[in-house]
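Geometric and topological summary
For reference, the chains in residue letters:
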Amino acid sequence: MSDFIQLVLAGAADGAIYGLLALALVLIYRSTHIVNFGQGEMAMFATYLAWSLLDAGVPFWGAFFAAIVIAFFMGLIIHRVLVHPLEGSPELTIVIITLGIYLFFNSIALWIYSGVPKIFPIPAGVPRQSWEVGGVFIVPYHVTIFAILFVLMMLLFAFFRFTKVGLAMRAAAAQPLSSTLVGISVPTMMMLGWGIAAAAGATAGMLSAPIVVLEPNFMATILIFSFASAVLGGLDSPVGAVLGGFIVGEVSALGGRYIDFIGNDLQIVLAFALIVLVLLFRPAGLLGRPQVVRV
Amino acid sequence: MELVRRIEWRRNWFLVGLIVGALLYAFSGPLDDLNARTDAPGSGLLSLAGPIGVGLIFFGLVGVLTIAAAQTLGRIAAKSATNRRLMQGLGAALLLLAFIFLPWYYDIFPYATLYKLTIALQWVMVIIGINLLTGYTGQISLGQGAFFAIGGYTLAIASFHEWSLPWAVSLLIAPVITGILGFLVGIPSLRLKGPYLALATLALAVIIAPIAKRFEEFTGGVQGIAMFGKIRLWSIFADHADYFWYYLSLGAAAVMLLVVWNVMHGRIGRALIAIRDNEIAASAMGVNVALYKTTVFGIAAAFAGFAGAVNAAVIQFASPDQYSSLVSIRVFVGAVIGGVASVPGAVFGGLFTQFIPDIAADVSKAASDAVQAVILIVFMYAMRGGFAGFVVQTWHYGRRGVQLLRPPAARRQGQEAAAPASAASPSGSE
């Protein structure tokens, strides 16, 4: 039994990270209706920047928040320079642009930092020793991940619910034309959406780097699982993204352990099988709203 | 000064491209020297002048030639439908001839080898399928690489690993198997739209390699299945295996192009376009949306499967490493860059998929993927409808009449008022 609880905890920690990156994907999808294939690599690059700062002697939390702020501006710039000018062009064109973002950051990171894995430390002040509670080991770092995810969710919720900018962003996403009429600058709101998403992605990157190693491809697998989470929860639902992340995390952790056939190699297959199954019954994800098209 | 201001820069950008490209190319030698002599940061950018110049000249030439063709041939084609069909046939025949005789003159192109061209033709086959699927029914599939892999493994397993069927038979079985699989995958895909479908198909691309590793007894696991020297061609071809595979790929790609072209210009094509533009309206008109969509999924998968089988035969190997999700993404990018609802665009897309990594590596060894990314992004900026879209646009511009100079300010107002009426008439005749 304690083995089971242990697995559930580990799965939840993975799931929190998937959920965080999925949240970034959802934020971009809500504001611009783009699935950003470059999200993971943007996060990877921000994590490398944080590593550089740490390497230069900046204290952990300083580097952590600096990287988040840099990522935020990186998101703004990418939207303004690469995505916004192509507004209104075919969906496929924009998919290619985001694949370009993917390739670009991946290659630049490899070029600057080389492929040699770097060690990214766990946050300062978090004990390395696990706590034992009734035969179950609780890793303090996992608790940190949950805490950061929770705080971030609350901040985002408060931002979208109680601030004027948040309201404007929701309006711009839901009714672009009407929002323009009441004086909201829709492009600016979209840009902000990209910035916030990039910041959330960077957080996911920096939280997952200590668990896996930091190398230019480390976000690729996480991105795939995050796509799965975002789709599972519904691409336009932030809560769905986090929920989807936890489900995907648990399913891969438990499935890998208890279904012999799956093992460690086929976890990703299991996650995807689950998603296709869910999509068959709810084509817009668990919490997504199906789009009604007028003919 | 007045003259410079009156030139229509935006519409005639390929002229600008030609001039700037020629200048960059002319100065690329001295700039390279300068790069070699200085250590200043960013001086490496100087060495980019040559490649950028060549690229600009290439597209400038394409633009100018298209306009020239539109002005001369376009007139003849517009006279009657027979003329037009004749010229389209002639164009296709010329393209085919160019490819048939390619083995004799391919070495004038940089990077080209017969082997790479053979593989490029296999990408063309996959891309024709994507064209059909995405361009004509609007279903995005990021999973064609999975069918490509299944095709390759079908050949390897059926002929060399588990059973020992003649390889030619396996080559024909592969598209049948992938076609059926594609049809089956198409059924659940009916419920998914846009990004959901894209991600569900991406799942296929991602899981194929782990699955191949897992079923070791069939697929040879991580090591894969080697077929070196085991493929025996009929004795007449035995000494010219590379030519044999080139022409086989060319023949197959040509047949696929022909089939798709004919299908698209008939009843089925109109039904598919109706589905892409408005599914509900199409079904209200009596189009069996589900049947068409799943069938197209099956056909696209069969094309990819056949390409994969030929590919495995050419490289004589099938292993999980060569079927990573990157394959799916690369062909998808090639399809979009070529122009997604266009049959000839597939040819450009296939060549692009094969040769762009070489070109990028030539520009910068250290960050070749970054160069590739920049090329992709610039491409999508300049040509939103892909290469084929660009040619079509330039062609229409050429047909309407090239305007090098803007009319003088005094006359312009009168012309603008008349513009809607005059713009409507030429487009009506096409």
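The structure displayed is predicted, hence computed values, not measured ones.

**Observations concerning the overall build of chain B**
- The secondary structure content of chain B amounts to 19 helices and two strands.
- By residue count, 42% of the 430 residues in chain B fall in the buried class.
- Long-range contacts, defined here as pairs at least 24 residues apart, represent 77% of the contacts in chain B between residues at least 6 apart.

**Concerning the overall build of chain A**
- Counting secondary structure elements, chain A contains 11 helices and two strands.
- The C-alpha atoms of chain A give 19 Å as radius of gyration, which agrees with the globular expectation for 295 residues (19 Å, within 12%).
- Taking the principal axes of the C-alpha coordinates as reference, chain A spans close to 60 × 50 × 35 Å.
- Here chain A, with 295 residues, has 48% of them falling under the buried criterion.
- Within chain A, counting contacts between residues at least 6 apart in sequence, those at least 24 apart form 73% of the total.

**With respect to unusual backbone geometry**
- Here H33(A), not a glycine, exhibits a phi torsion of approximately 55°, which is positive.
- Inspection of the secondary structure assignment puts H33(A) in the loop between α1 (2-32) and α2 (39-55).
- Of note, the phi angle at Q316(B) is positive, near 55°, even though the residue is not glycine.
- Inspection of the secondary structure puts Q316(B) in the loop between α14 (289-315) and β2 (317-318).

**A closer look at the interface of chain B and chain A**
- Contact residues are listed per partner, giving 33 residues for chain B and 32 residues for chain A.
- Every element with two or more residues in the side of chain B that touches chain A is listed here: α9 (194-214), α13 (279-284), α15 (325-338) and α17 (368-382) of chain B.
- Broken down by element, the residue count for the side of chain B that touches chain A peaks at 12 residues, all from α9(B).

**With respect to the nonpolar core**
- Formed by 200 residues in total, the largest nonpolar core has its most connected members in L21(A), M125(B) and F303(B).
- The element contributing the most residues to this core is α14(B), with 16 residues.
- A domain-level breakdown of this core finds at least three residues from each of domain 1 (1-79 + 383-430) and domain 2 (111-382) of chain B.
- Excluding its chain neighbours within four sequence positions, the residues that come into contact with F303(B) are M125(B), V126(B), I128(B), G129(B) and M256(B).

**Here we look at helix α9 (residues 218-233) of chain A**
Residue and element names in this part refer to chain A.
- Between the first and last C-alpha of α9 there are 23 Å, a value that for 16 residues agrees with the 22 Å anticipated at 1.5 Å per step.
- A large share of α9 lies buried, amounting to 14 of its 16 residues.
- In the stretch just after α9, G234 is the one whose phi turns positive, near 105°.

**Some details on the domain arrangement of chain B**
Residue and element names in this part refer to chain B.
- By domain assignment, chain B separates into domain 1 (1-79 + 383-430) and domain 2 (111-382).
- Taken together, the contacts link nine residues of domain 1 with 13 residues of domain 2.
- At four residues, helix α18 (residues 386-400) tops the list of elements feeding residues into the side of domain 1 that touches domain 2.
- Looking at the side of domain 1 that touches domain 2 residue by residue, the class counts come to five nonpolar, three polar and one charged.

**Describing the packing of α1(A) against α2(A)**
Residue and element names in this part refer to chain A.
- Contact geometry for α1 and α2: axes closest at 10 Å, N-to-C directions at 120°. Considering the angle they form, α1 stands oblique to α2. At the point where α1 passes α2, the crossing takes the right-handed sense. Along the contact surface, α1 presents L21, A24 and L25, while α2 presents Q39, G40 and A43.

**Things to note about the packing of helix α16 (residues 343-363) of chain B against α17(B)**
All names here are of chain B.
- In contact at an axis separation of 8 Å, α16 and α17 are set at 115° when each is read in the N-to-C sense. Both α16 and α17 take part in a crossing whose hand is right-handed. Contacts between α16 and α17 involve I356, P357, A360, A361 and V363 from the former and S368, V371, Q372 and I375 from the latter.
- Looking at the contact of α16 with α17, its residues break down into seven nonpolar, two polar and no charged.

**Considerations on the environment of L250(B)**
All names here are of chain B.
- By the element assignment, L250 lies in helix α11 (residues 241-264).
- The partly exposed category is assigned to L250, around which 19 C-beta atoms lie within 10 Å.
- A sequence separation of 113 residues divides L250 from V363, and the C-alpha atoms of the two residues are 30 Å apart.
- Once residues lying within four places of it in the same chain are set aside, the contact partners of L250 are F99 and L121.

**Side note on the environment of H161(B)**
Residues and elements named next belong to chain B.
- Among the structural elements, H161 can be located in helix α7 (residues 144-161).
- Judged by C-beta crowding, with 19 C-beta atoms within 10 Å, H161 ranks as partly exposed.
- H161 sits 65 residues away from A226 along the chain, and the two C-alpha atoms are 9.0 Å apart.
- Excluding residues within four positions of it along the chain, H161 makes contact with A156, G220 and I225.

**Here we look at α15(B)**
- Helix length check: α15(B) (14 residues) gives 20 Å between terminal C-alpha atoms against 20 Å at 1.5 Å per residue, within 8%.
- Taking burial as the measure, the 14 residues of α15(B) include 13 buried ones, the bulk of the element.

Conventions we followed
Residues numbered from 1 in each chain as written. Chains lettered and ligands numbered in written order. Predicted model: local features only at pLDDT ≥ 70, side-chain atom pairs only at ≥ 80, totals over all residues. Helix = DSSP H or I, 4+ residues; strand = E, 2+ residues; numbered from the N terminus. Buried ≥ 20, exposed ≤ 12 C-beta atoms within 10 Å, placed from the backbone. Contact = placed C-beta atoms within 7 Å. Rg over C-alpha atoms; globule rule 2.2 N^0.38 Å. Core = buried A, V, L, I, M, F, W, Y, C linked by C-beta atoms within 7 Å. Domains from an automatic or database assignment. Expected span 1.5 Å × (residues − 1). Nonpolar A, V, L, I, M, F, W, Y, C, P; charged D, E, K, R; others polar. Axes fitted to C-alpha atoms, helices over the stretch in contact; angles between N-to-C directions. Parallel < 35°, antiparallel > 145°, perpendicular 65-115°, else oblique. Left-handed = near helix turned anticlockwise from the far one by under 90°.

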